[in-house]
Amino acid sequence: MVQAHVQLMLPRAALAGLLLLLGACSVQPVMPPEPLPPVEVAQDSPAASLLAAADTARARNDFSAAGRYLERALSVSRSGEATVLYRELAELRLAEEQPRAAEGLALRALREAPDHPLWQADLWELVAEARDRQGNDTGRDAARDNAERLREDP
């Protein structure tokens, strides 16, 4: 009688194992990830008009005024907007041939950056450019490696 019970269990166990194996092999549809929201200063932000004024000043090559507008924008920016403003300041400092300041501002933008791999990759490229202009080839290469890694696995 015990033997009959074992014989009934073996086919059920084999069937259960087969079902588990087939279940593991099934293909589940993969939903594409939601696109990340853009990293930007909101139009209704107090910093938006200052950012626009900085852009206008920079277009006139008035880097001093552009810097003042951006620094003022930082003081009134909302949460999450500082990364944009630090990036703008970093680009301004590069245009002014101040790569050391640009690197520091780009790294600050990275510290403030949201979990947005493509945004972070662009910031690492800015760090790489600043380091390149300082003659720091090793630092430039490390920054570019960080950017590449972020772009490969967004």
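For the structure, check the block above.
**A word on the pattern of salt bridges**
- Inspection of every chain in the model, using the stated rule, returns 15 salt bridges.
- Among the salt bridges present, the one from R93 reaches E71, with a minimum N-O distance of 3.4 Å. Residue R93 is found in helix α4 (residues 82-95), and its partner E71 is found in helix α3 (residues 63-76); the two are separated by 22 residues along the sequence.
- We classify E71 as partly exposed; its relative accessible area is 44%.
- Residue E129 is joined to R133 by a salt bridge in which the shortest nitrogen-to-oxygen separation is 2.8 Å. Residue E129 and its partner R133 are both found in helix α6 (residues 117-133); the two are separated by four residues, about one turn of the helix.

**Examining the packing of helix α2 (residues 46-59) against α3**
- Packing of α2 against α3 brings their axes to within 8 Å, and their N-to-C directions diverge by 170°. On the basis of the axis angle, α2 is roughly antiparallel to α3. Two secondary-structure elements touch here, α2 through P46, A47, L50, L51, A53, A54, A57 and R58 and α3 through F63, A65, A66, Y69, L70, R72, A73 and V76.
- Tallied by class, residues from the contact of α2 with α3 come to 14 nonpolar, no polar and two charged.

Rules of the game
- Residues numbered from 1 in each chain as written.
- Predicted model: local features only at pLDDT ≥ 70, side-chain atom pairs only at ≥ 80, totals over all residues.
- Heavy atoms only, no water.
- Salt bridge = Lys/Arg side-chain N within 4 Å of Asp/Glu carboxyl O.
- Helix = DSSP H or I, 4+ residues; strand = E, 2+ residues; numbered from the N terminus.
- Buried < 20%, exposed > 50% of the residue type's maximum accessible area, 1.4 Å probe, protein only.
- Axes fitted to C-alpha atoms, helices over the stretch in contact; angles between N-to-C directions.
- Parallel < 35°, antiparallel > 145°, perpendicular 65-115°, else oblique.
- Contact = heavy atoms within 4.5 Å.
- Nonpolar A, V, L, I, M, F, W, Y, C, P; charged D, E, K, R; others polar.

Fair warning: the whole summary comes from geometry, so function is off the table for now.
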